[in-house]
Amino acid sequence: KSRTFFSLVSLLASLPAIAQKPPSLAARIQRMEDTEEIRTVLVNYGRHLDAHDFGAYSRLFAKDGEWIGGFGTVKGPSAIEAFMAKNIGTPGQPSGTYHVLTNFIIDVQGHKATAWSRWAFVTPGPDKKPAMAQGGHYEDVLVRENGHWKFSRREAFVDIPAGGPGAAPTTK
């Protein structure tokens, strides 16, 4: 008798999962397109940063988008553009360093999304060969604004500081 009761309870508990319809083909395609557009935003972030194209870089942020990192916190595309020019270097004159961006994890939920990714900052070493100067990760919140994905919030974390693996991790 108790076995039948538990079987019935188990069946009733699984009904919501059975009753759920899988997402439509159109919904699945939209999710894939959103994920790919966000991946492009993540890659363009590094590309524009390394090229010191702070105008294009700042346009990756929503109108109230926020960047948080070791230099501080700044909000809004025009403020982000000025902030990067002040802290990174001369606009339009790359410094010979670059970022490697990897391990994208993107979760789209309608018109909002989250992303997590790794970064490595590469500089010329004493022998002029590429050397990793720092490594870390980003934690992002993105929104669809005027039909395009933009950063609502991007927070940069330094997991391997310039001082090496023993130095304390910080926000970049």
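See the structure printed just above.
All of these numbers come straight from a predicted model, not from anything done at the bench.

Undergrad: Any chance you could break down the nonpolar core for me, citing the residues and the numbers?
TA: With 27 residues, the main nonpolar core has I38, Y45, Y57, F61, W67, L142 and F151 as its most contacted residues. Taken together, the elements giving at least two residues each to this core come down to α2 (25–50), α3 (54–58), β1 (61–69), α4 (77–88), β3 (98–109), β4 (112–124), β5 (130–145) and β6 (148–160). Considering every element that reaches this core, the biggest residue donor is α2, with five residues. With residues near it in sequence (within four places) discarded, L142 still touches I38, V41, H111, K112, A113, T114, A115, W149, K150, F151 and S152.

Undergrad: Quick one: what's the story with the pairing of strand β2 (residues 72–75), residue by residue and with numbers?
TA: Where β1 and β2 come together, four bridges link them in antiparallel fashion. What sits directly across from I68, in β2, is T73. Between β1 and β2, which follow one another and run antiparallel, lie two residues.

Rules and cut-offs
Residues numbered from 1 in each chain as written. Predicted model: local features only at pLDDT ≥ 70, side-chain atom pairs only at ≥ 80, totals over all residues. Heavy atoms only, no water. Core = buried A, V, L, I, M, F, W, Y, C linked by side-chain atoms within 4.5 Å. Buried < 20%, exposed > 50% of the residue type's maximum accessible area, 1.4 Å probe, protein only. Helix = DSSP H or I, 4+ residues; strand = E, 2+ residues; numbered from the N terminus. Contact = heavy atoms within 4.5 Å. Pairing = 2+ DSSP bridges.

Any link to function would need more than the numbers given here.
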